[in-house]
Amino acid sequence: MSDQQNKGPSYRATLNLPDTPFPMRGDLAKREPGWVKQWDDKGIYKRIRQVSKGRPIWVLHDGPPYANNDIHIGHAVNKVLKDIIVKSKNMAGLDARYVPGWDCHGMPIEVQIEKLHGRNLPAREVIAKSRAYATEQIAKQKKDFMRLGVLGEWDNPYLTMAPGNEADELRALGRLVESGYVYRGLKPVNWCFDCCSALAEAEVEYADKVDLAVDVGFAFLAHQHDKLATAFGVSSQTIASKPGYAVVWTTTPWTLPANQALNLHPEFDYALVETVRDGKDTWLILANERVEACLKDFGLEGKVVATCKGEALSLVEFQHPFYDRVAPVYLGSYVTLDSGTGLVHSSPAYGVEDFLSCKQHGMTDAQIINPVTGNGTYASTEPLFAGQKIWEANPKIVELMKEKGVLFRVFKYTHSYMHCWRHKTPVIYRASSQWFAGMDLKPKNGGPTLRETALKGISETTFYPAWGQARLHGMIANRPDWTLSRQRQWGVPMAFFVHKETGQLHPRTQELLEKVAQRVAKEGIECWQNIEPSDLLPANEANDYVKNKDTLDVWFDSGTTHQTVLRGSHAEQSAFPADLYLEGSDQHRGWFHSSLLTSSMLNGQPPYKALLTHGFVVDGQGKKMSKSVGNVVAPQKVSDSLGAEILRLWVASTDYSGELSVSDEILKRVVEIYRRIRNTLRFLLANVSDFDFATQQVAAEDLFEIDRYALALTSQMQTEVLAAYERYEFHPAVARLQTFCSDDLGSFYLDILKDRLYTTAPNSLARRSAQTAVWQITNALLRLVAPIMSFTAEEAWPLFAPNEYKASEETIFTQVYATLPVFDDADALIAKWTRLRELRGTVQKDLEALRTAGSIGSSLQAEIQLEANAQDFALLDSLKEDLKFLFITSTVGITKAANPDAELGIKATASTQPKCERCWHYRSDVGRNPEHPQLCGRCDDNLHGKGESRTFA
């Protein structure tokens, strides 16, 4: 209240005006770094652990970010969500632990070392420089994560490159070998020419690619005429009367030099088509359903002479388009009719289905033609295209087929194609000798397969959001064997000794791996470079074995952290299985996936009880973040300009189950939400600054009715917010907190309360009842917002409860959620005051009209007369003289309407009474006390008498 318009002595000093050092402006960007340093210096995370000791343990296992480059907005979303959850679990009465971690090995760091120091460095030097580089990156990322207000064991994070973890990873590998899950074999794997290595499923993404698609003919062979005639039910002479071709369609002409078979579907109908091509009568074999479309594409006319099932053509041989080699027909149910000719060419070295089909028909690894080298060129043994890049050879192969007269059509074809997620370049399937974890191998103990165990584990896992279960199930159900090996240097070695001739593992592999692990635990993976077979094997064996040069897939590093961290380096801080894994939705095919597979093999169950996924961050128009487009929002910039608190509130107020939109405009709206909540907290803090809850609180049964209603409403709100926290749904929690602050408190309860707080006697029941309720509301609200608005809650906590601050290890995060008073009539109170608020809203509309017309200034200048139906009359009349405080008017009259269904009748007029210069009410008893002619009777009583009588509001 202000006394600017007072004409007499000022009564401002007699008011209980609010007072708090909690500023209106947060000045977050400048002040937050101080809190971060304070939390670190005081070891606040350790203090939380000490206070939480003995509570039920709850563990969120950190999916390790990769130790390369600055953190981006996606990292911020991930870490803030984790922090909100861990803090909310702690404040819910659990011992919620969070050990941050980093994924340190792998291709991206090795690529950085190549950029900085050149290629072809000795392995020892690559490893040393990679370790140093990762250490630098971790320090930078750690600083930025802490700046977001994330609490955790930052002084002791887990690192996949820690020697102890590297050693335990080798031990985990040894257990998988011993259990019978690991085998070595030739198989097409995702291969990147830039990485010169196999890629995991999670390292492949899809993008459009334009290729040359061809329809090419495999000529009939004379010694196969009888088989063709039998299949189609015609004479051998008929088949031999003209040349013929089995026509296949492919978008990868570069694979044709490695063609070794044709695939037809056993149940499809295939047609023997008579046509004229280049002036010659010609036979074509096409799928019957594709004849019309194919002839049109080829620019030919023809007729179907006979048909047969694909099964009838099994093992019939055809001539390779340009090599002196035959291609037998192998039946395959994966052949489709949606495009092409219904016949597929098979290069077992460059296609998983091709490989499996050829192996099922007895082809050995040695018989598989594999001319493409690791860098994407044809080997020197390739007869026609040696040394050429496969993509460059594509048009040359097409030209060769045209010269040979076997090309029926060529066109450019745009399709979704595999790309390396690091280099954004096309990858291929390439047959390579690799180490695999078999999805369908029976382990040595005769138990379920890896696929069976993993699928069972998925069914027992809780997913947030629920659709994640079907997604992960589909991936596991359909995935091929896991390629464990990589051809790199910066990674945990697959420290095997392999027989030179047989390629078999040493029979004491488990024992040998343990010996290597013991050295790795002391020296790191570097020691493998110095170990020779003779160091660990007896002289009579050493010459027969060589060291395996492969490293483990980096997804095996992070995928075994449930073993190397939860049960290894940080076993005391952890528990198995973890209560929650939380990452972006891409990790269904990444960390969630690899962790599930490794734990299924090692433990027979998932390493987590629940999985939570969040979406990717896009700009305000829903577009992907891109530096070239200029729509990137950097978390560092937001922290330095608006404050990390705004980032935290944006994350919490956004539905993370889909894409998260962020832009300057969106962040401005978040700032407004923040201001509403902060201003509410400031008002609350300011009005309990002279209140000691321990000695001055009013008993629950003696509180004014509106105070009891406010506390019942607070309890209801707290229940809703905590339920949202429990479901990990933070945007409805923020929305509820916001409406509570703006509508329930700001527009209603606190609006009404100002008069009682400011004008009644400092120690009166009326004021202390209000302060008791305000204190309890503040106590509950600060704890509820703390997981999200961590800096603000920590700023307010010592101002609100200085004694509790000292007793609570000087942080709000050791606290649990508030216990609010329970009222037996809470439901009735809420129902009653909900209706009173509705009636108040109706009255306020009329008063606003008067104000707009200039008839009144504030609502206190109005006198209102109400006519209400019987039910509303009883409700309004129950407040007696306090009714005017509900409407914030100087007087209220009320009569009962004759019609029981009548709407509220309102007559509002400007008061003709004088204005009290202290409380601003317009009353007839202003001047009752000649010594204070500017005061109304109730102010006179509050200042000089026993105080006014109030009961409800």
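Look up: the structure comes first, before these words.
Residues numbered from 1 in each chain as written. Predicted model: local features only at pLDDT ≥ 70, side-chain atom pairs only at ≥ 80, totals over all residues. Heavy atoms only, no water.

Chemist: Residues and numbers for the overall build of the protein, please.
Modeler: A tally of regular secondary structure across the protein gives 32 helices and 30 strands. Along the three orthogonal principal directions, the C-alpha set of the protein runs to about 130 × 75 × 50 Å. Among the 953 residues that make up the protein, the fraction classed as buried is 58%. The contacts in the protein between residues at least 6 apart in sequence include a share of 78% that link residues at least 24 apart. Of the roughly 39000 Å² of accessible surface on the protein, a fraction of 49% belongs to carbon and sulfur atoms. Seen as two clouds, the 105 positive and the 116 negative side-chain charges of the protein have centres 3 Å apart. (Helix = DSSP H or I, 4+ residues; strand = E, 2+ residues; numbered from the N terminus. Buried < 20%, exposed > 50% of the residue type's maximum accessible area, 1.4 Å probe, protein only. Contact = heavy atoms within 4.5 Å. Areas by Shrake-Rupley, 256 points an atom, 1.4 Å probe, with all protein chains shown as cover. Lys, Arg positive; Asp, Glu negative; His and termini not counted. Charge placed at Lys NZ, Arg CZ, Asp CG, Glu CD.)

Chemist: Break down helix 29 (residues 826-853) for me, citing the residues and quoting the values.
Modeler: The end-to-end C-alpha separation of helix 29 is 40 Å, in line with the 40 Å expected for 28 residues at 1.5 Å each. Residues of helix 29 that are buried include every one of A826, L829, I830, K832, W833, L836, L839, R840, V843, L847 and L850, and no others. For helix 29, the secondary structure elements touched by its buried residues are helix 24 (705-726), helix 25 (730-759), strand 28 (862-868), helix 30 (870-877), helix 31 (883-887) and strand 30 (905-910). Phi turns positive, to about 85°, at G854, one or two residues after helix 29. (Expected span 1.5 Å × (residues − 1).)

Chemist: Residues and numbers for the packing of helix 21 (residues 644-653) against helix 27 (residues 790-800), please.
Modeler: Describing two packed helices takes the angle between their axes plus the distance from one axis to the other. Contact geometry for helix 21 and helix 27: axes closest at 8 Å, N-to-C directions at 120°. Taken together, helix 21 and helix 27 sit at an angle that is classed as oblique. Contacts between helix 21 and helix 27 involve A644, E645 and R648 from the former and S790, F791 and T792 from the latter. By residue class, the composition of the contact of helix 21 with helix 27 is 2 nonpolar, 2 polar and 2 charged. (Axes fitted to C-alpha atoms, helices over the stretch in contact; angles between N-to-C directions. Parallel < 35°, antiparallel > 145°, perpendicular 65-115°, else oblique. Nonpolar A, V, L, I, M, F, W, Y, C, P; charged D, E, K, R; others polar.)

Chemist: Account for the sheet that holds strand 6 (residues 197-198), naming residues and giving values.
Modeler: With respect to topology, 4 strands assemble into an open sheet ordered 6-5-17-19, the strand pairing being antiparallel. Of all strands in the sheet, those bounded by a partner on one side alone are strand 6 and strand 19 (482-483). (Pairing = 2+ DSSP bridges.)

Chemist: Could you give an account of helix 14 (residues 509-523), naming the residues involved and the relevant values?
Modeler: Helix length check: helix 14 (15 residues) gives 21 Å between terminal C-alpha atoms against 21 Å at 1.5 Å per residue, within 8%. Inspection of helix 14 places T509, L512, L513, V516, A517 and V520 among the buried residues, and these make up the whole buried set. Each buried residue of helix 14 lies within a common arc of 140° when the element is viewed along its axis, so the set occupies one face. Of the surrounding elements, those touching the buried residues of helix 14 are helix 6 (163-179), strand 21 (497-499) and helix 15 (533-536). Following helix 14 by one or two positions, G524 adopts a phi angle in the positive range, close to 85°. (Arc of directions from axis to C-beta.)

Chemist: Quick one: what's the story with the environment of Q605, residue by residue and with numbers?
Modeler: As for its placement among the helices and strands, Q605 is situated in the loop between helix 19 (591-603) and strand 25 (610-614). When the C-alpha positions of Q605 and S924 are compared, they lie 79 Å apart, and in sequence the two are 319 residues distant. With near-sequence residues (within four places) excluded, Q605 lies in contact with T453, F576, P577, S599 and S600.

Chemist: Any chance you could break down the nonpolar core for me, citing the residues and the numbers?
Modeler: Among the nonpolar cores identified, the biggest contains 212 residues, and W650, Y749, L876 and L886 are the most heavily contacted of them. By residue number, the principal contributor to this core is helix 25, which donates 14 residues. Among all residues touching L886, those that are not within four sequence positions of it are F748, I752, W833, L836, R840, L876 and L879. Core analysis: the next-biggest nonpolar cluster, separate from the first, contains 74 residues, L186, Y245, A271 and A393 among them. (Core = buried A, V, L, I, M, F, W, Y, C linked by side-chain atoms within 4.5 Å.)

Chemist: Before we move on, can you summarise the sheet that holds strand 30 with the specific residues and values?
Modeler: Taken in spatial order, the 3 strands line up as 29-28-30 in an open sheet, and their pairing is mixed. What marks the edges here is a single partner per strand, and that holds for strand 29 (891-896) and strand 30. On average, each strand axis in the sheet is tilted by 15° relative to the strand beside it, whichever way the strands run. Strand direction decides the pairing type here: strand 28 and strand 30, joined by 6 bridges, are antiparallel. Following the sheet pairing, E867 is matched in strand 30 by G905. In the packing of helix 29 onto the sheet, contacts are made with strand 28 and strand 30, and the angle to strand 30 comes to roughly 35°.

Chemist: If you had to explain the environment of V926 to someone new, which residues and values would you point to?
Modeler: Within the element layout of this structure, V926 appears in the loop between strand 30 and helix 32 (937-944). Take V926: its relative accessible area is 16%, and that puts it in the buried class. Between the alpha carbons of V926 and P914 there is a distance of 6.4 Å; along the sequence they are 12 residues apart. Ignoring any residue separated from it by four or fewer positions in sequence, one finds V926 in contact with P914, K915, C916, P933, Q934, L935 and C936.

Chemist: So what about the pairing of strand 9 (residues 261-264)? Which residues, and what values?
Modeler: Across the two faces of strand 9 the burial is the same, with A261 and N263 and L262 and L264 all buried. With 4 bridges connecting them, strand 9 and strand 15 (residues 343-346) associate as antiparallel partners. Its bridge partner being in strand 15, L262 is matched across the sheet by H345. Bridge count between strand 9 and strand 14 (residues 326-331): 3 bridges; the pairing is parallel. Directly across from L264, in strand 14, lies its bridge partner L331.

Chemist: Before we move on, could you go through the pairing of strand 8 (residues 244-250) and cite the residues and values that matter?
Modeler: Strand 8 sits mainly inside the fold: 7 of its 7 residues count as buried. Burial along strand 8 is two-sided: the residues G244, A246, V248 and T250 and Y245, V247 and W249 are all buried. Sheet topology note: the strand 7 (residues 204-220)/strand 8 ladder contains 6 bridges and is antiparallel. By the bridge assignment, V214 is partnered in strand 8 with T250. The pairing of strand 8 with strand 11 (residues 280-287) spans 3 bridges and is parallel. If you follow G244 over to strand 11, its bridge partner there is W283.

Chemist: Which residues make up the side chain of Q388, and what values go with them?
Modeler: Relative to the helices and strands, Q388 is located in the loop between helix 10 (352-360) and helix 11 (390-404). Take Q388: its relative accessible area is 19%, and that puts it in the buried class. A polar atom in the side chain of Q388 sits 3.3 Å from the side chain of K396. (Polar contact = N/O pair within 3.5 Å; in protein donor to acceptor, adjacent residues only side chain to side chain.)

Chemist: Pulling in residues and values, what's your account of the packing of helix 22 (residues 664-686) against helix 26 (residues 765-785)?
Modeler: It is at 9 Å that the axes of helix 22 and helix 26 come closest, and there the two elements cross at 140°. Between helix 22 and helix 26, the angle falls in the class oblique. For helix 22 against helix 26, the interelement crossing comes out left-handed. The segment helix 22 lies against helix 26, with L681, L684 and L685 engaging V774, I777, T778, L781 and L782. (Left-handed = near helix turned anticlockwise from the far one by under 90°.)

Chemist: Would you mind going over unusual backbone geometry in detail, with residue names and values included?
Modeler: Following Y464, the chain continues to P465 via a peptide bond in cis, the omega torsion being -10°. Position of P465 among the secondary structure elements: in the loop between strand 18 (462-464) and helix 13 (468-478). Note the cis peptide between F576 and P577, where omega equals -5°. Looking at the secondary structure, you find P577 in the loop between helix 18 (561-569) and strand 24 (580-584). Of note, the phi angle at N120 is positive, near 65°, even though the residue is not glycine. On the accessibility criterion, N120 (80% relative accessible area) is exposed. Phi at L315 is positive, roughly 70°, even though this residue is not glycine. Checked against the element boundaries, L315 lands in the loop between strand 12 (302-309) and strand 13 (317-319). Of the residues examined, L315 reaches a relative accessible area of 44% and is grouped as partly exposed.

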